[in-house]
Structures are given as C-alpha cells and as structure tokens.
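Descriptive structure summary
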Amino acid sequence: MSHSHPTNTSLSELQLTGIPGLQHLHHWISIPFCIMYLVTLAGNSILLCVIKADPSLHLPMFLFLSMLAVIDLVMSTSITPKMLSIFWFHSNAISLDACLTQMYFVHAFSVMESGVLVAMAFDRYVAICNPLRYLSILTSPVVAVIGLATLLRAVAFMTPLTFQILRLSLCSSAVVDHSYCEHMAVLKLACGDAAFSNTYSLSVSTYVGGFDSLLIALSYALILRAVLSLSSPQARKKAFSTCGSHLCVMALFYIPGLLSMYMERYHQELPPHVQVLLADLYLLIPPAFNPLIYGIRTKQIRDGACRMISQ
C-alpha cells in the first residue's frame, strides 16, 4: 500500500507538539500529569493484588473492578510516558506505526472502559434491587461473556477506524497538534477525502458515549428508586454518597471526552490547548480516581488490603 508521507520529516515519522500554545508551561503541566500517572499505577496495581490475593473478593463486582483496573493501566500507559517525554525532554518525534498503535490502544480501551462501566452499573443494580438472585444472575460464565463482549465491541469499532487512516494519504505537515495520537488530530494530516472517516469516528463516539451513559443513568435511577424505599436514613445517606461518587467519576470520563471530540470536529472557537487538555484529562483523571472511588471506599477492599498487609 503506497502513501504520500510528509515532506519535512522522514518517511515514517510524525511530530507531536504537546499542548499547543502552552509549550512554555510543559514542565509545570507535567507535575500533575506525572502525579496522576503514579497514582494510577500504584492504585490499580494494589487493587489487582488485593483482589487476586483474597478469595472472598472473587465476586462479580470485584471481577469487573479488576477489568477496569487493567484497562486503566493500559490506557494510561499508552499515552502518559510519551507525553511526559515530550514535556521533559522535547522528544516530539513518533513513528507512524507507533502513532497508529497508540491511537488504536487509546480509543479501543476507551470503548472497553465505557463497556465495563455499564457492566458495573448493572452489577450494582442487581446487587441492590435483586440481592437474593445476585450470584445466580451474575455467574462466572456470565461475567466472562460480558468481558469478552466488551473486548469484541471495542475491536469491531476501532479496527475500521485504524484501517481508514492507513488508506488515506498523509501529505500535510507532519506536525500533530496534540500531546498523543488522537484520531481527529492525525486525520488533519490527510490530503485525501477524510469525510467518511470523520463521520464514522463521530458516529462511534456518539453511540458509545450516549448509549452507554444512558444505560448507566437508567441503572442508577432504578438503584436510587430502590434506595428511597429504605427505612433507615443512614442506609439512604450511604447509598446516595456511593452513587454520587460513582456518577461523578463517570461524568469525568464521558463529558470531557465527548466535548473534546465535538470541538475538534466542528472547530469551535476555543484555544487549541483547551481541546487538548480536555482530551488529556479524560484519559488521565478517571484511571487515577477509579481505584480510590471504587476501591478504597469499598469496605471489602479495605478489609482485604488489611488482611494482605497483616499476612
């Protein structure tokens, strides 16, 4: 397959700018980004170790949480080390193959995370609204099928997206105005007709973000209806607190991601660094907060961590 590659760089190399317009602040911006990445690595790794070490945590809720932890580790690691090398060492060059691989991992694992969040919301709905049938509904084979379906959906949606980029000729400047290989940003380098690729990307993102968030909202609405019927004010307060924190983390995942995509697509009159920061934060904040919200706030996880430390 022949490609027309950028003329001001080697045949297979692109240049990532980092955060456009804020290059002079890269060292300062790198501090919270690095802290969030370290929290992501530590939090999700500890969570996986605790769940694996404690047989009492081998339940559907914690299996979904393990899936989420693995996805967060992969998704964050696919962009943050390269991003920090740009901020610290001005290592802006990235090969076209590495760029496409990064793009695939970022978007595929984003779709997988969205699917797992839906599964976790359904898990909470069954646990609260139908507790007596919880283990008979969410059996191990059912959990495995849900995980496999989440993976296959991500592959089915993202593989065509990557092949569409491969089929396009890249003949514009080799500079990608982004801190990682985001699909829309790379697509701007194409000199051919990229309308179909743009429309496909927008449609997939809208479907995944809109449909999944609607299912999550429906699950939590049913949960809250069940919670309101509880007689104990303490139980209602605890349930509201848990649901509220879960929904806040989910909002941090869906809202910035969709906003950055639509602003990139429709060229809203906002500084480029705002769009890039939104795209960065939706990939950095949830992986750092998920183990704190879903893990430390869960009594079984805290007890399992204590048992593992004591042993």
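In the nomenclature of an unreviewed UniProt entry, the protein chain corresponds to Olfactory receptor from the organism Chordeiles acutipennis. Listed in UniProt under the heading Function (unreviewed entry), the comment for the protein chain reads: "Odorant receptor."

A few words now on the packing of helix 2 (residues 60-77) against helix 6 (residues 140-167). Angle between the axes and distance between the axes: these two values describe a pair of packed helices. Contact geometry of helix 2 with helix 6 gives a least axis separation of 10 Å together with a crossing angle of 25°. Judged by the angle between their axes, helix 2 and helix 6 are roughly parallel. In terms of crossing hand, the pair formed by helix 2 and helix 6 is right-handed. Of the residues in helix 6, those in contact with Pro-60, Leu-63, Phe-64 and Met-67 of helix 2 are Val-143, Ile-146 and Gly-147. Classifying every residue of the contact of helix 2 with helix 6 gives six nonpolar, one polar and no charged.

It helps to recall that an α-helix has 3.6 residues per turn; residues three or four apart then point in one direction. End to end, helix 6 covers 41 Å across 28 residues, agreeing with the expected 40 Å (1.5 Å per residue, within 8%). For helix 6, the set of buried residues is Val-143, Gly-147, Thr-150, Arg-153, Ala-154, Met-158, Leu-161, Thr-162, Gln-164 and Ile-165. Against the buried residues of helix 6 lie helix 2, helix 4 (96-129), helix 7 (183-187) and helix 8 (195-228).

This part takes up the packing of aromatic side chains. Scanning the entire structure with this criterion turns up seven aromatic pairs. Seen in terms of ring centroids, Phe-33 and Phe-87 are 5.9 Å apart; in terms of plane orientation they differ by 55°. Their pairing is tilted. A residue pair is termed long-range when its members are at least 10 positions apart, and Phe-33 in helix 1 (residues 26-53) and Phe-87 in helix 3 (residues 80-89) qualify at 54 residues. You'll find Phe-33 and Phe-87 in the same group, each marked buried. A ring pair is formed by Phe-122 and Tyr-125, whose centres lie 6.4 Å apart and whose planes are at 35°; its orientation type is tilted. Taken as a pair, Phe-122 and Tyr-125 lie in helix 4 at a separation of three residues, close to a single helical turn.

Phi is positive for His-90, which is not a glycine, with a value near 55°. Along the chain, His-90 falls in the loop between helix 3 and strand 2 (93-95). Given the relative accessible area of 56%, His-90 is considered exposed.

On to the nonpolar core, then. Within the largest apolar cluster, 83 residues are counted, with the highest numbers of intra-cluster contacts made by Leu-14, Phe-33, Leu-65, Phe-87, Leu-117, Tyr-180 and Ile-216. Here this core takes 17 residues from helix 4, the largest share from any one element. Excluding residues within four positions of it along the chain, Leu-117 makes contact with Leu-68, Ile-216, Met-250, Phe-253, Tyr-254 and Tyr-294.

Calculation notes
- Residues numbered from 1 in each chain as written.
- Predicted model: local features only at pLDDT ≥ 70, side-chain atom pairs only at ≥ 80, totals over all residues.
- Heavy atoms only, no water.
- UniProt positions renumbered as here; feature names shortened; annotations may be inferred.
- Axes fitted to C-alpha atoms, helices over the stretch in contact; angles between N-to-C directions.
- Helix = DSSP H or I, 4+ residues; strand = E, 2+ residues; numbered from the N terminus.
- Parallel < 35°, antiparallel > 145°, perpendicular 65-115°, else oblique.
- Left-handed = near helix turned anticlockwise from the far one by under 90°.
- Contact = heavy atoms within 4.5 Å.
- Nonpolar A, V, L, I, M, F, W, Y, C, P; charged D, E, K, R; others polar.
- Expected span 1.5 Å × (residues − 1).
- Buried < 20%, exposed > 50% of the residue type's maximum accessible area, 1.4 Å probe, protein only.
- Phe/Tyr/Trp six-rings, centres within 6.5 Å; stacked < 30°, edge-to-face > 60°.
- Core = buried A, V, L, I, M, F, W, Y, C linked by side-chain atoms within 4.5 Å.

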